[in-house]
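Chain by chain, the residues run as shown.
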Number of protein chains: 4
Amino acid sequence: MTLKVAVAGASGYAGGELLRLLSSHPEVEIGALTAGGNAGSALGQHHPHLTPLAGRTLEETTAAKLAGHDVVFLALPHGQSAEIAEQLGDDVTVIDCGADFRLVDAEAWVEFYGGKHAGHWPYGLPELPGQRDKLRGANRVAVPGCYPTVSTLALLPAVQNNIVDPGQLVVVAVSGTSGAGKGPKPHLMGAEVMGSATAYGVGGVHRHTPEIEQNLAPQTDQPVSVSFTPVLAPMARGILATCSAPVTDGTTADALRQSYEDAYADEPFVHVLPDGQWPQTQATLGANTVQLQVTLDQRTGRAVIVAAMDNLTKGTAGGAVQCMNLATGLDETLALPLIGVAP
Amino acid sequence: MTLKVAVAGASGYAGGELLRLLSSHPEVEIGALTAGGNAGSALGQHHPHLTPLAGRTLEETTAAKLAGHDVVFLALPHGQSAEIAEQLGDDVTVIDCGADFRLVDAEAWVEFYGGKHAGHWPYGLPELPGQRDKLRGANRVAVPGCYPTVSTLALLPAVQNNIVDPGQLVVVAVSGTSGAGKGPKPHLMGAEVMGSATAYGVGGVHRHTPEIEQNLAPQTDQPVSVSFTPVLAPMARGILATCSAPVTDGTTADALRQSYEDAYADEPFVHVLPDGQWPQTQATLGANTVQLQVTLDQRTGRAVIVAAMDNLTKGTAGGAVQCMNLATGLDETLALPLIGVAP
Amino acid sequence: MTLKVAVAGASGYAGGELLRLLSSHPEVEIGALTAGGNAGSALGQHHPHLTPLAGRTLEETTAAKLAGHDVVFLALPHGQSAEIAEQLGDDVTVIDCGADFRLVDAEAWVEFYGGKHAGHWPYGLPELPGQRDKLRGANRVAVPGCYPTVSTLALLPAVQNNIVDPGQLVVVAVSGTSGAGKGPKPHLMGAEVMGSATAYGVGGVHRHTPEIEQNLAPQTDQPVSVSFTPVLAPMARGILATCSAPVTDGTTADALRQSYEDAYADEPFVHVLPDGQWPQTQATLGANTVQLQVTLDQRTGRAVIVAAMDNLTKGTAGGAVQCMNLATGLDETLALPLIGVAP
Amino acid sequence: MTLKVAVAGASGYAGGELLRLLSSHPEVEIGALTAGGNAGSALGQHHPHLTPLAGRTLEETTAAKLAGHDVVFLALPHGQSAEIAEQLGDDVTVIDCGADFRLVDAEAWVEFYGGKHAGHWPYGLPELPGQRDKLRGANRVAVPGCYPTVSTLALLPAVQNNIVDPGQLVVVAVSGTSGAGKGPKPHLMGAEVMGSATAYGVGGVHRHTPEIEQNLAPQTDQPVSVSFTPVLAPMARGILATCSAPVTDGTTADALRQSYEDAYADEPFVHVLPDGQWPQTQATLGANTVQLQVTLDQRTGRAVIVAAMDNLTKGTAGGAVQCMNLATGLDETLALPLIGVAP
């Protein structure tokens, strides 16, 4: 089987990472590459690392250009996916890397994104209980946000097994600046971010907050509440999420750890590190992996889970390709590196 | 008044930063500069930035070399201050940048540092209630750890005013790598830390945990518990501490913010930023300042406080000079920059 | 004497660095702070590190706002200084950090900058032979570009003493990204520059090329030619210039080195490092210093000189304050740090 | 064909990168992994990114452990390869990533490395004229140093075609710090290198100097002389080499550029970028590619060539795998990424 695949939004970071991964996919033929303002220019101007595709010219993002492909990846600004998607037939598998179809709750959408809620598609996190089956054969997939992917995977086993109080989850996630996209903004300039760390979207106002809660709520019959603070650090890629919550009475460190090992024993992309070894984002650079470690703070009675992931790979484009593999009946792990580029 | 000042451990990061600040101090004459293994070499080999002092030769750290100064700064590895200090007379003001005399509780010392507890000295955080007076005229001062300084200042007003539950404090602090000292360790090599974030000392085992609790406990009649996780980020200097705790019933965002503005209105080195502006470590680089912002997460009912500070300046050497100024009767702010080097 | 000083272009990097230095200047009172598009906003929004001035409001850059000051610093985009300057009387000392009045040769101006040549002012590099005297009492000063400052100082003694062939000078200068200014451009975004080095303006087309040649040409009776390549490195500040040229017959390593030690023996801000110690930009961070080292490559017969400098301090704002000190009759070194912020 | 492959020195950076590439090689089965001081520990402790191999235990580096493999990669400190290699039979293909067998000239070896010259093996740079054929079927290969690889490829067409004076070659190469290896040295600590650039091995004393000359000398009948200066920049990986030389009379910009396009038209891993686009190291991160651009500086009459490469991939481990592919009769490009991980 060879899938003809188009990428809309190919000049952005998500688009570039999709093309990096798809270029080595044995069952993929890369078709149309489209863009908004960058249409007409060569791909290599925007992504000089995509050597074999550098000479390709970006076309304008229209449904007509995207039709006729087996799979269309949308890597567009929020709010632009719906219009394109509804013009693509059900025979086209559409994988949306944007936020438009992630949230089930229309009110939450309006509160955090504003504008009209486009609806929701099967959520592209195969590691969620029952979700893998829903993604098999799906022709529409909403790829999760990067913070929700790593935060959900970090908290899932503890919440699912009632090991922690899900009403007191705290996540502080340190991220590289590519997560904020490629549009030139003053606070993301090199001279501003190098040598500096800063928090943003503090106080529950970051758009990924309701998505994390949406993922965890079905795993427990208790109320779920996540205090989420993202921190920008001077690196291009990578998220390190430090998560904690009070453990329920009688929880032992062993039981806590065992719940993680059990939960992810068969997951190809989620790795609980050997006891005592803590994740570092560098180890996941360019890989589709999440590395986890967990401990019980005996002084405070809190479980502390730390997770590392590449925001552009497993957090965006790698997760999207994983969903494509599932949706099209391929081996879920095809073309997804397990090994990061370190140091 | 001109103080003759010696620095023991002058070849390390704390020593270098002390000399940077002391070089522009109008009431200081720099005397002996001593070191351990680096004794006999030129200061400029270790600190090429200390241009005016670069030709000075490091002497061996002994009480004899340090005696005869008005002030002696100790920037030694943990466990080495006590022996030196007891050989220096009461007429010498000793400012210890190490941990030896920070903890009041001997058991906590043994648990977190091991070995014999050397005792405790007046704690060099003038911003703690009542502490400034205790430092005036003191001839022994224990300079706080960098994480305790920033974490304590970030949490103090909320704890002091019973605005948060002090039993559920969570601190995740992102730090530059200079905080780990100058000794060459594999995990602190440039290629390991650049482009990477990693947590360490997770689960309440970092030595600064009891120190934060020691600072906050006297401010409230409720039990204090701090879940503290340090994260290494790819920058040389700076700490960004993200702190949170559940607010007590009826707390408003305004009351929360007001408590911070009131607490620090007269503090020369602690600045609550204008509403909506979040701290970045770069703004404090080389300055003796802490920048703070606070918000109330209405969804989770948690106060979130973010604080930025330079670990080597206000977090170590600047804090130490501030203590020297107080201890010797000088203006507390002498020779302490308010303005960071940014970008 | 207290000078009333205005800064035009206060929201940019040069403006911010000027204010950092001027804030600690004992003879300066900071007056009007003006900006273009940022007029009306608080200084602290753009420069959160300028704590004591953070609440100041930026006014619009007009001659009227700038008049009535003893000294006006212009930190404006190229081409905007002339119009402002001609409206300021001769009683106002105008220090231009832009390029408008640097080049003597109108043709070179047109070739490299385009547009009309505004003329030329006394060139603000006091270390050039005879230049210090020309700056004393000057009421107009053109502050050099950052690359020309460091490159000229690195090559001056060798050219001046006919130790090298000035027709074969090669300079490769690695720079932090703040040198490119604060305007958000795609290739200067954090994610683009972190972890990456790239050359730009290659092949003699960088605007600083004729300025370096203009500085060196008067020092020799031979033709001067500089091959200049700037390289962007992942750091906010700092320039490391590697310069080389064939030595003239019979030149010894000792004579080469001696020429540098002699040339800069009395210069307060140019430091030849001890033999064998090579400059690093970190040592000059925030300081008004240039650090130099020189060697003779016996295999190739080339002198190799390496110089480190902070592009924003000695390379722009520090150099400008140095010029102000000279122009207004103050001690040349006032308010100019000799010690960098390292590590 | 499946090759059984061993890696000696698996815990270092070259070893880790070899294993990253070999893990995805379709014709390779990874056999013994050996180390010096790290023998006995798990590979994952040293290379947490090598997820699928993380549980493997490092054995001691001995000829006995390495025998019985089809291919043995040596990634050992200089001076240790000879003893191991001579104990491995001719039926074992030995690919040495160290310097021991790179230099033909025994005197140059003694001058730059000291100690006894071990001899020389077929030099593993297939892009050198005639070299590809010598590597096919070779059972001993000396992999080039990282600086020689990128410098040679940057200068080769110009030297080969007599377009430049090979007696006046100047190379300034900016490198990430992983090139200096994994041993913890004070000047390579994160806090020392972040935010800083520094030159080292200045004046023709870097060990890679004679290797560059050795590569270029046979391409011309004129004397070859290279002034080589390496500069450490704050990044983990990547080399950006800026090379220049006076062009011969009558050379045009077009002829210069054409010589590069012609030389590398059929090379799978060397890419001349479109006119006007300059290389950046990020685009080659983790890829086996070299990106080049060339221009003629009309003012100075010098050709300027800039080349970007990943020092650990094409500069070490990727080059080594390329050599293995050639030596064992496989497709030269197997398992070697063309696409870097950017941003």
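Computed from a predicted model, the values in this text were never measured in an experiment.

Turning our attention to the overall build of chain A. Along the backbone of chain A there are 11 helices and 13 strands. Its C-alpha atoms give chain A a radius of gyration of 19 Å, within 12% of the compact-globule value 20 Å for 343 residues. The principal-axis extent of the C-alpha atoms belonging to chain A is close to 60 × 45 × 40 Å. Split into buried and exposed, the 343 residues of chain A put 67% on the buried side. Pairs at least 24 apart in sequence give 70% of the contacts found in chain A among residues at least 6 apart. Placing the 18 positive and 33 negative side-chain charges of chain A at their respective mean positions leaves the two points 6 Å apart.

A word on the sheet that holds strand S11 (residues 270–272) of chain C. Residues and elements named next belong to chain C. Overall, mixed pairing links the 7 strands, which are arranged S8-S9-S7-S10-S13-S12-S11 in an open sheet. The sheet is open, and its two edges are formed by strand S8 (198–199) and S11, each paired on a single side. In this structure, strand S7 (residues 169–175) lies alongside strand S9 (residues 226–232), joined through 7 bridges in parallel fashion. For Val 174, the partnering residue across the bridge sits in S9 and is Val 231. Against the sheet, helix H7 (residues 146–160) engages S7, S9, strand S10 (239–246), S11, strand S12 (290–297) and strand S13 (302–309), with an angle of about 145° to S13.

This next bit is on the interface of chain A and chain D. With 28 residues of chain A in contact, the opposing surface of chain D contributes 28 residues. Where chain A abuts chain D, roughly 2,300 Å² becomes buried across the two surfaces, and 67% of that area is made up of carbon and sulfur atoms. It is His 49, Ile 339 and Pro 343 of chain A that lose the most area in chain A upon contact with chain D, and together they represent 28% of the buried surface on that side. Where chain A packs against chain D, one counts 0 salt bridges. Along the contact surface separating chain A from chain D lie 14 residue pairs in polar contact (both at pLDDT 80 or more). Mapped onto the side of chain A that touches chain D, the elements with two or more residues apiece are helix H1 (13–22) and helix H2 (43–46) of chain A. Looking at the side of chain A that touches chain D element by element, the count peaks at 3 residues for H1 of chain A. Along the lines of polarity and charge, the residues of the side of chain A that touches chain D split into 13 nonpolar, 12 polar and 3 charged.

Another aspect to go through is the relation of the copies chain B and chain A. Superposing chain B onto chain A requires a rotation of 180° together with a translation of 0.0 Å along the rotation axis, leaving an RMSD of 0.0 Å. Read as a symmetry element, the transformation amounts to a two-fold axis. Of all interface residues in chain B, 100% are interface residues in chain A too; the two copies therefore contact each other through one and the same surface.

This part covers the packing of aromatic side chains. On inspection of all chains with the given rule, the structure shows 12 aromatic pairs over all chains. Where Phe 101 of chain B meets Trp 121 of chain B, the ring centres are 3.9 Å apart and the plane angle is 5°; that geometry is what we call stacked. Linking Phe 101 of chain B in the loop between strand S5 (93–96) and helix H5 (106–112) with Trp 121 of chain B in the loop between H5 and helix H6 (131–135), this pair joins segments that are 20 residues apart in sequence. By relative accessible area, which is 5% here, Phe 101 of chain B ends up buried. Residue classification places Trp 121 of chain B among the buried residues on the basis of a relative accessible area of 12%. When the ring of Tyr 147 of chain C is compared with that of Phe 228 of chain C, the centres are 5.0 Å apart and the planes differ by 65°; the resulting orientation is edge-to-face. Taken together, the residues Tyr 147 of chain C in helix H7 and Phe 228 of chain C in strand S9 connect sequence positions 81 residues apart. We note that Tyr 147 of chain C, like Phe 228 of chain C, is buried. Here the basic side chain of Arg 140 of chain A rests over the ring of Trp 121 of chain A, its NZ or CZ set 5.7 Å away from the ring centre.

This part covers the UniProt feature "domain: Semialdehyde dehydrogenase NAD-binding" (unreviewed entry) in chain A. The UniProt entry lists residues 4–136 of chain A under the feature "domain: Semialdehyde dehydrogenase NAD-binding" (unreviewed entry), expressed in the numbering used here. Secondary structure content for residues 4–136 of chain A is 28% helix and 17% strand, and the end C-alpha separation is 18 Å.

Turning to the side chain of Asn 311 of chain B, a few remarks are in order. Residues and elements named next belong to chain B. By secondary structure assignment, the location of Asn 311 is in the loop between strand S13 (302–309) and helix H11 (313–327). Within polar-contact distance, the side chain of Asn 311 engages the side chain of Ser 178 at 3.0 Å. One polar contact links the side chain of Asn 311 to the main-chain amide nitrogen of Gly 238, over a distance of 2.7 Å. Here Asn 311 is in contact with Cys 146, Ser 178, Gly 179, Arg 237, Gly 238, Ile 239 and Thr 316, once residues within four sequence places are set aside.

Moving on, we come to the packing of helix H7 (residues 146–160) of chain B against helix H10 (residues 253–264) of chain B. All names here are of chain B. One way to put it is that H7 packs onto H10 with a least axis distance of 8 Å and a crossing angle of 115°. Seen along the crossing, H7 lies across H10 with a hand that is right-handed. Of the residues in H10, those in contact with Thr 152, Leu 153, Ala 154, Leu 155, Leu 156, Pro 157 and Ala 158 of H7 are Ser 259, Tyr 260, Ala 263 and Tyr 264. Partitioned by chemical class, the residues of the contact of H7 with H10 number 9 nonpolar, 2 polar and no charged.

Residue and element names in this part refer to chain A. The UniProt record annotates "active site" (unreviewed entry) at Cys 146. Residue position: Cys 146 is located in helix H7 (residues 146–160). In this structure Cys 146 touches His 208, Ile 239, Met 309, Asn 311 and Gly 315, once residues within four positions along its chain are discounted.

What follows is about the environment of Ser 11 of chain A. Residue and element names in this part refer to chain A. Along the polypeptide, Ser 11 turns up in the loop between strand S1 (3–8) and H1. Using a relative accessible area of 11% as the deciding quantity, one classes Ser 11 as buried. C-alpha separation for the pair Ser 11 and Gln 322, spaced 311 residues apart in sequence, amounts to 21 Å. A distance of 2.9 Å separates polar atoms of two side chains, one belonging to Ser 11 and the other to Asn 38.

What follows covers the interface of chain B and chain A. Listed as interface residues are 45 residues of chain B and, on the opposing side, 45 residues of chain A. Interface area, chain B with chain A, both sides summed: about 3,500 Å², of which 56% is carbon and sulfur. The three residues of chain B that bury the most area against chain A are Ala 197, Val 202 and Arg 299 of chain B, which together make up 16% of that side's buried surface. For the interface between chain B and chain A, the tally reads 2 salt bridges. Note that Arg 299 of chain A and Glu 213 of chain B form a salt bridge whose closest N and O atoms lie 2.5 Å from each other. For the side of chain B that touches chain A, the leading source of residues is strand S9 (residues 226–232) of chain B, giving 4 residues.

Rules used in this analysis
- Residues numbered from 1 in each chain as written.
- Chains lettered and ligands numbered in written order.
- Predicted model: local features only at pLDDT ≥ 70, side-chain atom pairs only at ≥ 80, totals over all residues.
- Heavy atoms only, no water.
- Helix = DSSP H or I, 4+ residues; strand = E, 2+ residues; numbered from the N terminus.
- Rg over C-alpha atoms; globule rule 2.2 N^0.38 Å.
- Buried < 20%, exposed > 50% of the residue type's maximum accessible area, 1.4 Å probe, protein only.
- Contact = heavy atoms within 4.5 Å.
- Lys, Arg positive; Asp, Glu negative; His and termini not counted.
- Charge placed at Lys NZ, Arg CZ, Asp CG, Glu CD.
- Pairing = 2+ DSSP bridges.
- Axes fitted to C-alpha atoms, helices over the stretch in contact; angles between N-to-C directions.
- Buried area = accessible area lost by both parts, 1.4 Å probe.
- Salt bridge = Lys/Arg side-chain N within 4 Å of Asp/Glu carboxyl O.
- Polar contact = N/O pair within 3.5 Å; in protein donor to acceptor, adjacent residues only side chain to side chain.
- Nonpolar A, V, L, I, M, F, W, Y, C, P; charged D, E, K, R; others polar.
- Least-squares fit on C-alpha atoms with pLDDT ≥ 70 in both.
- Phe/Tyr/Trp six-rings, centres within 6.5 Å; stacked < 30°, edge-to-face > 60°.
- Lys NZ or Arg CZ within 6 Å of the ring centre and 35° of its normal.
- UniProt positions renumbered as here; feature names shortened; annotations may be inferred.
- Left-handed = near helix turned anticlockwise from the far one by under 90°.

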